[in-house]
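Okay, here's what each chain looks like letter by letter:
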Amino acid sequence: MATTSAIEWTEVTWNPTTGCDRVSAGCDNCYAMTLAKRLKAMGQARYQADGDPRTSGPGFDLTLHPESLEAPYHWRKPRIVFVNSMSDLFHARVPVDYLRQVFKVMWDNPQHTFQMLTKRSLRLRRLSPELDWPPNLWMGVTVESAEHVSRIDDLRRTGATVRFLSCEPLIGPLPGINLDQIDWLIAGGESGAHARPIEKGWVDEIRDSCLDQQVAFFFKQWGGRTPKANGRLLDGRTWNEMPELAAG
Ligand code: SF4
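Conventions used here
- Residues numbered from 1 in each chain as written.
- Predicted model: local features only at pLDDT ≥ 70, side-chain atom pairs only at ≥ 80, totals over all residues.
- Near = placed C-beta within 6 Å.
- Nonpolar A, V, L, I, M, F, W, Y, C, P; charged D, E, K, R; others polar.
- Helix = DSSP H or I, 4+ residues; strand = E, 2+ residues; numbered from the N terminus.
- Expected span 1.5 Å × (residues − 1).
- Contact = placed C-beta atoms within 7 Å.
- Pairing = 2+ DSSP bridges.
- Axes fitted to C-alpha atoms, helices over the stretch in contact; angles between N-to-C directions.
- Core = buried A, V, L, I, M, F, W, Y, C linked by C-beta atoms within 7 Å.
- Buried ≥ 20, exposed ≤ 12 C-beta atoms within 10 Å, placed from the backbone.

### Quick word on the site of the ligand
In the region of the ligand, the neighbouring residues are Cys20, Arg22, Val23, Cys27, Cys30, Ala32, Met33, Ser87, Asp88 and Lys119. Looking at the shell around the ligand, its residues break down into 6 nonpolar, 1 polar and 3 charged.

### Notes on helix 5 (residues 200-212)
Helix length check: helix 5, at 13 residues, gives a terminal C-alpha distance of 18 Å against a target of 18 Å (1.5 Å per residue), a fit within 8%. Looking at the buried residues of helix 5, the elements they touch are strand 8 (162-167), strand 9 (184-187) and strand 10 (216-219). Positive phi appears at glutamine 214, one or two residues downstream of helix 5, with a value of about 55°.

### Concerning the sheet that holds strand 7 (residues 137-142)
An order of 1-2-5-6-7-8-9-10 is seen for the 8 strands of this open sheet, with the pairing classed as mixed. Strands at the two margins of the open sheet, each flanked by one partner only, are strand 1 (3-4) and strand 10. Direction of pairing for strand 2 (residues 12-14) relative to strand 5 (residues 80-83): parallel, over a ladder of 3 bridges. Bridging across to strand 5, tryptophan 14 finds its partner in valine 83. Taken strand by strand, helix 5 contacts strand 8, strand 9 and strand 10, and its axis lies near 170° from that of strand 9.

### Details of the nonpolar core
In a soluble, globular protein the nonpolar side chains are often hidden away together inside. One finds Phe164, Leu165, Cys167, Leu185, Ala187 and Ile206 to be the most contacted residues of the largest nonpolar core, which totals 44 residues. Residues within four places of isoleucine 206 in sequence aside, it is in contact with Cys167, Leu174, Ile177, Leu185 and Ala187. Ala32, Leu39, Tyr47 and Met86 belong to the second largest nonpolar core, which has 8 residues in total.

### Some thoughts on the pairing of strand 10
The sheet contact formed by strand 9 and strand 10 spans 4 bridges and is parallel. Following the sheet pairing, isoleucine 186 is matched in strand 10 by phenylalanine 218.

Shape is all these values report; function is a separate question.
And the structure:
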């Protein structure tokens, strides 16, 4: 049930739900939606339910997979696990009780570090008091442009122990970003046939904000037609900082 991940800042992916609906401009070229369409065509059982064509796509209807909840119990070696690379766990159609079950799996498996990302920060904030936050969960929100910096305020108001931002695909500048109570920031440009261009000045400004506010900074890629098209060097070096892993 775990898939080795090509994402630079994680090791494996784990999807207790699949499917989603677009919520903001960062979703315009959603890689998960494109992949779900392919997986449906290949006959994969988890990707057979079609989403609303206005906001989702073939094989991408929000679907719970309770049979996946067992998987982390069977991984012996400690892993860094990206939860829901193919969905958004704070989607309105994920019941609170199911969220609690996912959180319990993380509590029961302290040897692993779980990373979870959402664009639905309002629901994240509202449900936060109803959730028992495990210390081995890094909770993140996507901030693709200045239009969505309020997601950072929502994240700050949760009970998460480690908080991070994914500024990817970065489609606009984030001047004067407030990183108070934020532990980690990932930035990166978009990739694919319809990739929107990133500007170096935006990345410089974010990197400098991280340095000033002592936040770990990870620069994933410049993006382009393929993820590796323009590499990931910024001012002649890679930026691979991450929060400290809790002892399992
Ligand atoms: S929130 Fe994430 S998974 Fe959902 S449509 Fe947007 S980019 Fe895709």
